[in-house]
Structures are given as structure tokens and as C-alpha cells.
Amino acid sequence: MFANALGVGVLAGADTLRIEHRPDEAVEVLASGSHGGVRGRGGARRRVAGSSFAAPVVTGIVALHLQRHPGAPAAGVHDLLSRLAVRSAP
């Protein structure tokens, strides 16, 4: 949807590296947004979820791609996500 940005949302119940790519949507990439290792006030661990946790998953995948292919165009990132993604049901 945007040339220089990826809209990222939460893919419920997904493992950490599973993503879904929806190229014609504003939120075009869905990824795991669940993390169980966050410490809250008082040091208690708690499970949290949301797009704030899904975005770093996608960022990491893109960073690894760019490390392997320096200078890759943005279209290459979209193609990569499309190849790695699990297809969504119509």
C-alpha cells in the first residue's frame, strides 16, 4: 500500500516466524504478536500481545534479507514477504 512502509498486524496463534502477506491491504503483513517474557512492575513476568510485538518480527525478517542482499529495492522486500508468507484464506 505504501512504497516505503509496511503495515503490520497480529496473526493470532502463530508461531514466531510464521507470517501472512496481504499485498492489497493497508495492513499487509500479519505476524506473531504474542510474547510471554515481559517483566512488569514488581518484576512479575506476564504474557503480552499486540502489533507492537508483531512489528519487530517482520523487521527482523526484513533486516536479515537486507543483510544478505545490501541495497535490495523495496519491491524485493515485498517479494520476499510474499514468498515466505502463509497464504490467507479468501
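Description of the structure in this document. Since the structure is predicted, the reported quantities are computational estimates derived from the model, not experimental observations.

## Description of the nonpolar core
So, step 1. Membership of the largest hydrophobic core is limited to 12 residues, which are Ile19, Val29, Ala31, Ala54, Val57, Val58, Ile61, Val62, Val77, Leu80, Leu81 and Ala85.
So, step 2. Those elements giving two or more residues to this core turn out to be β3 (29-31), α1 (51-68) and α2 (74-84).
So, step 3. Per-element accounting of this core gives the leading share, five residues, to α1.
So, step 4. Not counting the four nearest positions on each side in its chain, valine 58 is found in contact with Leu6, Val8, Val29, Ala31 and Leu81.

## Considerations on the sheet that holds strand β1 (residues 8-10)
Within a beta sheet, neighbouring strands are joined by backbone hydrogen bonds and run either parallel or antiparallel to one another.
So, step 1. Pairing is mixed across the open sheet formed by three strands, whose spatial order is β1-β3-β2. Each edge of the open sheet is held by one strand with a lone partner, namely β1 and β2 (19-21). Averaged over neighbouring strand pairs, the angle between their axes works out to 25° when direction is ignored.
So, step 2. Note: β2 against β3, three bridges, orientation antiparallel. Counterpart to histidine 21 in the pairing with β3 is valine 29.
So, step 3. With respect to the sheet, α2 is in contact with β2 and β3, its orientation differing from that of β2 by roughly 120°.

## Here we look at α1
So, step 1. Here α1 spans 26 Å end to end across 18 residues, near enough to the 26 Å set by a 1.5 Å rise per residue.
So, step 2. When α1 is considered as a whole, its buried residues turn out to be Ala54, Val57, Val58, Ile61, Val62 and His65. Seen along its axis, α1 keeps its buried residues to an arc of 125°; they face one direction. α1 presents Ser52, Leu64 and Gln67 as exposed residues on the side facing more than 90 degrees away from its buried surface.
So, step 3. Where α1 is buried, its residues contact β1, β2, β3 and α2.

Conventions used here
- Residues numbered from 1 in each chain as written.
- Predicted model: local features only at pLDDT ≥ 70, side-chain atom pairs only at ≥ 80, totals over all residues.
- Heavy atoms only, no water.
- Core = buried A, V, L, I, M, F, W, Y, C linked by side-chain atoms within 4.5 Å.
- Buried < 20%, exposed > 50% of the residue type's maximum accessible area, 1.4 Å probe, protein only.
- Helix = DSSP H or I, 4+ residues; strand = E, 2+ residues; numbered from the N terminus.
- Contact = heavy atoms within 4.5 Å.
- Pairing = 2+ DSSP bridges.
- Axes fitted to C-alpha atoms, helices over the stretch in contact; angles between N-to-C directions.
- Expected span 1.5 Å × (residues − 1).
- Arc of directions from axis to C-beta.

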